[in-house]
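# Overview (structure and organization)
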Amino acid sequence: MSGNDQGDAPGMARQYGDSRKLAARARLHREYTVAETPWFAWVAQQLPLRAGDHVLDIGCGPGWFWASVADRLPDRLALTLADQSPGMVEEATNRCRPLPFGSVAGRRTDAAALPFDDGSFDAVVAMHMLYHMADPTVGIAEMARVLRPGGVLAVTTNGAGNMRELYELTTVFGGAPSEPMAAIFGFDAAERLMQSQFGNVAWSRHPASLRITDPEDVFLALTSFPPGEIASEAQQEAFREAIDRAFRQAGGVLEVRTEMGLFLSRKES
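Residues numbered from 1 in each chain as written. Predicted model: local features only at pLDDT ≥ 70, side-chain atom pairs only at ≥ 80, totals over all residues. Heavy atoms only, no water.

So, on to the pairing of strand S6 (residues 147–158). Counting buried residues along S6, nine of its 12 residues qualify, which places the element largely inside the surrounding structure. Of the strand pairs in this sheet, strand S5 (residues 121–127) and S6 are connected by six bridges, and their pairing is parallel. Bridging from a neighbouring strand, Ala123 pairs with Val152 of S6. Once you follow S5 into helix H6 (residues 136–146) and on to S6, the crossover reads as right-handed. Of the pairings in the sheet, the one linking S6 to strand S10 (residues 260–266) comprises seven bridges and is antiparallel in character. If you follow Thr156 over to S10, its bridge partner there is Leu262. (Buried < 20%, exposed > 50% of the residue type's maximum accessible area, 1.4 Å probe, protein only. Helix = DSSP H or I, 4+ residues; strand = E, 2+ residues; numbered from the N terminus. Pairing = 2+ DSSP bridges. Right-handed = clockwise from strand over helix to strand, strands pointing away.)

Written out as structure tokens, the structure reads:
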């Protein structure tokens, strides 16, 4: 869930220099998701990978996905972990090299200009990162370029209704009342842009929700990135009060809807 080229280099460096801020957000899903199949395992089930495939993960972040599902994947995958943040690349490669992959390589990259030859990979994965790009169309075109004929691009992103119950609380410090990243690259944009690039796209939504019991986890998650991260002390206190009020009204357990989806396109042979 890390990211690439958005133009706000200092902001991106603060967010993704390492995994600490990302971990505050990931905790909500790790601790409170209600689902028959957890998110990472569900994504792994959808990926049409074969033994020995060369796989590129763009915006790999700290490598949590691959570490979580390594034992569910085909044998001998040649995994390339790419991210704009050198800290993320180092963390991801250190995490994944001891695992049962055929090979693991790390590469610092700009998703708008991938440093790989045409047709280098059997699969490209971009999990929750295209909304970080100034122009997601450019990123998708680059991913298509480095795919071999018959190769697959797998993209994950959020819908506009994702965690709306939480985002509505952030209006006290100027936050959007709905999933902010969906306005840049949500479900509609993912389907449209991948269809335009590949001529085909299939997608599915992860059936899940959140049942949150600790108000502090909500506060930490939504103040780990702007505008909450840069909110004044008074605004953050107002946010705490809004969270506490929401929990009281919900009887101590906050029910939150999620909208997270996976989009797959195949490059023509």
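For the rest of this paragraph, the subject is the confidence of the model for the chain. When pLDDT is averaged along the chain, the result is 93; 93% of the residues meet or exceed 70. Within the model, pLDDT remains below 50 along residues 1–7, and this stretch shows 40 contacts once partners closer than five positions in the same chain are excluded. (pLDDT = per-residue confidence, 0-100. Contact = heavy atoms within 4.5 Å.)

Taken together, the three strands give an open sheet; going across it, the order is S1-S8-S9, and neighbouring strands pair in antiparallel fashion. A strand with exactly one partner marks an edge of an open sheet, and here the two such strands are strand S1 (33–34) and strand S9 (254–257). For S1 and strand S8 (residues 209–212), the ladder comprises two bridges, and the chain directions are antiparallel. Its bridge partner lying in S8, Thr33 is registered against Leu210.

Further remarks concern the packing of H6 against helix H9 (residues 187–198). Close contact between H6 and H9 brings their axes to 10 Å; oriented N to C, the two are set at 40 degrees. With respect to their mutual orientation, H6 and H9 come out oblique. Handedness of the H6/H9 crossing: right-handed. Seen from H6, the contacting residues are Pro136, Thr137, Ile140, Ala141 and Ala144; seen from H9, they are Leu193, Met194, Gln197 and Phe198. Considering only residue class, the contact of H6 with H9 consists of seven nonpolar, two polar and no charged. (Axes fitted to C-alpha atoms, helices over the stretch in contact; angles between N-to-C directions. Parallel < 35°, antiparallel > 145°, perpendicular 65-115°, else oblique. Left-handed = near helix turned anticlockwise from the far one by under 90°. Nonpolar A, V, L, I, M, F, W, Y, C, P; charged D, E, K, R; others polar.)

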